[in-house]
Amino acid sequence: MNFFEGTVLGLVQGLTEFLPVSSSAHLRITAALAGWDDPGAAFTAVTQIGTETAVLIYFRKDIARIVRAWALSWTRREMRKDTDARVGWLVILGTIPIGLLGVTFQDAVEGPFRDLRLIATTLIVLGLILGGADWYASKGRPRGRHSLPRPRKTLPDLSVRDGVLYGLAQSAALIPGVSRSGATISGGLLLGYTREAAARYSFLLAMPAVLASGVFELKSIDGDGAEVSWGPTILATIVAFATGYAAIAWFLRYISTRSFAPFVLYRVALGLLLLALLAGGAISADAGAPAD
């Protein structure tokens with residue numbers, strides 16, 4: 001990987017990490033279409049340190065408040081009912097599933113899961129699930145002359161059950177094409193949360209797992225048999241941070257008044273296009289993958 005490729009892939013990572021379209025799928029597809037080597041799961045994990053740093057800065061006040069309340073809940077019993085303290089505990093709880101599954105299926109995540117046929121399929125399937133969840137959140141409510149709109153939940157309504165289910169939804173993002181934000185936001189919408197609450201919690205929930213994964217994969221950069229080197233990876237991480245910060249601000253403003261329909265259509269269209277290219281022989285399912 002050279003510095004130009006690193007810049008392009010860092011831009012792709014930053015623009016797609018927080019949108020429900022799968023950044024890992026876009027990195028894989030971009031490299032395949034450009035005729036570059038697959039940057040690999042390690043590169044994706046490390047550049048996500050940049051996007052998660054953007055989350056830390058953007059939500060710094062919320063994070064500081066949550067960490068403080070969580071720490072106080074260790075010694076002050078009354079703080080355990082505090083919303084921020086509960087969010088802190090549930091973020092930890094929700095991180096356990098993806099941590100366990102990530103370690104268990106590490107070889108698959110770095111190998112077979114990067115097959116472009118699987119990525120195309122998950123883009124379409126999760127896109128349809130996101131569309132159904134969004135419809136349920138906005139239209140799927142009791143109708144009738146005397147019916148009342150079903151109130152949507154917000155972060156203060158988080159429960160242990162919801163925290164576990166959010167964590168299981170996030171685990172699906174181990175497969176490129178699913179999308180971490182897409183899976184957790186879909187789960188949140190189906191659990192009855194507002195779009196804003198589902199997206200905000202999705203960002204908070206991702207931080208421990210993504211940062212831990214990025215730090216763990218640092219050893220895979222520029223080592224024996226490594227697919228990428230430090231220079232382009234550092235540049236990509238910096239670019240991902242800058243574009244990721246802008247993407248967070250835009251995305252939260254967008255979903256406050258609009259639906260996820262454009263992302264659903266985009267995912268399905270991209271998945272179908274990818275399947276067509278694979279069927280026509282324009283690219284192969286393992287394009288850019290290192291030789292055994």
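Look up: the structure comes first, before these words.
Keep in mind that this is a model prediction, so the values were computed, not measured.

Draft legend 1. Representation of the overall build of the chain. Each helix and strand counted, the chain has 12 helices and zero strands in total. Secondary structure elements in the chain, listed N-terminal to C-terminal, are α-α-α-α-α-α-α-α-α-α-α-α. A compact globule built from 292 residues should have a C-alpha radius of gyration of about 19 Å, and the chain, at 19 Å, falls within 12% of that. For the chain, the residues scored as buried account for 51% of the 292 residues in total. Considering only contacts within the chain whose residues lie at least 6 apart along the sequence, 79% involve residues at least 24 apart. Carbon and sulfur atoms make up 66% of the accessible area of the chain, which amounts to about 13,700 Å² in all. Charged side chains of the chain number 27 positive and 22 negative; the gap between the two group centres comes to 17 Å.

Draft legend 2. Geometry of unusual backbone geometry. Of note in the backbone geometry, Ser22 takes a positive phi value of approximately 80° without being a glycine. Looking at the element boundaries, Ser22 is found in the loop between α1 (3-16) and α2 (23-34). A positive phi angle, close to 85°, is found at Ser179, a residue other than glycine. Relative to the helices and strands, Ser179 is located in the loop between α8 (160-171) and α9 (180-190).

Draft legend 3. Spatial organisation of the nonpolar core. Tyr201 and Phe251 are the most contacted members of the largest nonpolar core, which totals 38 residues. Contributing elements (two or more residues each) for this core: α3 (40-58), α4 (60-72), α5 (83-104), α7 (116-138), α9, α10 (195-217), α11 (230-255) and α12 (261-279). Here the element with the most residues in this core is α10; it accounts for eight residues. Not counting chain neighbours up to four residues away, the residues in contact with Phe251 comprise Phe18, Leu19, Pro20, Ile185, Ala199, Phe203, Phe260 and Phe263.

Draft legend 4. Main features of empty space enclosed by the protein. Evaluated as defined, the whole model comprises two cavities of 30 Å³ or more. Lining the largest cavity are Glu17, Phe18, Glu52, Val55, Arg180, Ser181, Ser202, Phe203 and Ala206. Secondary-structure elements contributing two or more residues to the lining of the largest cavity are α3, α9 and α10. Considering each element in turn, the lining of the largest cavity owes the most residues, three residues, to α10.

Draft legend 5. Up close: the layout of surface pockets. By volume, the largest pocket amounts to about 710 Å³. If you trace the largest pocket, you find 31 residues lining it, with Gly102, Val109, Leu174, Arg180 and Ser213 closest to the centre. If you tally residues by element for the lining of the largest pocket, the top one is α10, at seven residues.

Draft legend 6. Focus on the environment of Leu274. Take Leu274: it is sitting in helix α12. Residue Leu274 is classed as buried on the basis of its relative accessible area, which comes to 3%. In this structure the C-alpha to C-alpha distance between Leu274 and Arg117, which are 157 residues apart in sequence, comes to 7.9 Å. If we ignore the near neighbours within four places in the chain, the residues touching Leu274 are Ile29, Leu116, Ile119, Ala120 and Ile283.

Draft legend 7. View of the packing of α5 against α10. Close contact between α5 and α10 brings their axes to 9 Å; oriented N to C, the two are set at 60°. When the axis of α5 is compared with that of α10, the two are oblique. In this structure, the crossing between α5 and α10 has a hand that is right-handed. Judged by residue contacts, Val87, Leu90, Val91, Gly94, Thr95 and Ile98 of α5 engage Tyr201, Leu204, Leu205, Pro208 and Ala209 from α10. When the residues that make up the contact of α5 with α10 are grouped by side-chain class, the tally is nine nonpolar, two polar and no charged.

Draft legend 8. Structural view of the packing of aromatic side chains. Using the criterion set out here, one finds 17 aromatic pairs in the structure. Pairing Tyr58 with Phe59 gives two aromatic rings, centres 5.1 Å apart and planes at 75°, and the pair type is edge-to-face. Residue Tyr58 is classed as partly exposed on the basis of its relative accessible area, which comes to 29%. Among the residues examined, Phe59 registers a relative accessible area of 1% and is labelled buried. Ring geometry for Trp250 against Phe263: centres 6.4 Å apart, planes inclined by 75°, an arrangement best described as edge-to-face. Pair noted here: Trp250 is in helix α11 and Phe263 is in helix α12, with a separation of 13 residues, a long-range link. Taken together, the aromatic side chains of Phe18, Tyr58, Phe59, Phe203, Tyr245, Trp250, Phe251, Tyr254, Phe260 and Phe263 make up a single cluster linked through ring pairs.

Calculation notes
- Residues numbered from 1 in each chain as written.
- Predicted model: local features only at pLDDT ≥ 70, side-chain atom pairs only at ≥ 80, totals over all residues.
- Heavy atoms only, no water.
- Helix = DSSP H or I, 4+ residues; strand = E, 2+ residues; numbered from the N terminus.
- Rg over C-alpha atoms; globule rule 2.2 N^0.38 Å.
- Buried < 20%, exposed > 50% of the residue type's maximum accessible area, 1.4 Å probe, protein only.
- Contact = heavy atoms within 4.5 Å.
- Areas by Shrake-Rupley, 256 points an atom, 1.4 Å probe, with all protein chains shown as cover.
- Lys, Arg positive; Asp, Glu negative; His and termini not counted.
- Charge placed at Lys NZ, Arg CZ, Asp CG, Glu CD.
- Core = buried A, V, L, I, M, F, W, Y, C linked by side-chain atoms within 4.5 Å.
- 1 Å grid on protein atoms, 1.4 Å probe; cavity = no way out; pocket = protein on both sides within 12 Å on 5 of 7 lines; lining within 4 Å.
- Points joined across faces, edges and corners; volume = space filled by probe spheres on them.
- Axes fitted to C-alpha atoms, helices over the stretch in contact; angles between N-to-C directions.
- Parallel < 35°, antiparallel > 145°, perpendicular 65-115°, else oblique.
- Left-handed = near helix turned anticlockwise from the far one by under 90°.
- Nonpolar A, V, L, I, M, F, W, Y, C, P; charged D, E, K, R; others polar.
- Phe/Tyr/Trp six-rings, centres within 6.5 Å; stacked < 30°, edge-to-face > 60°.

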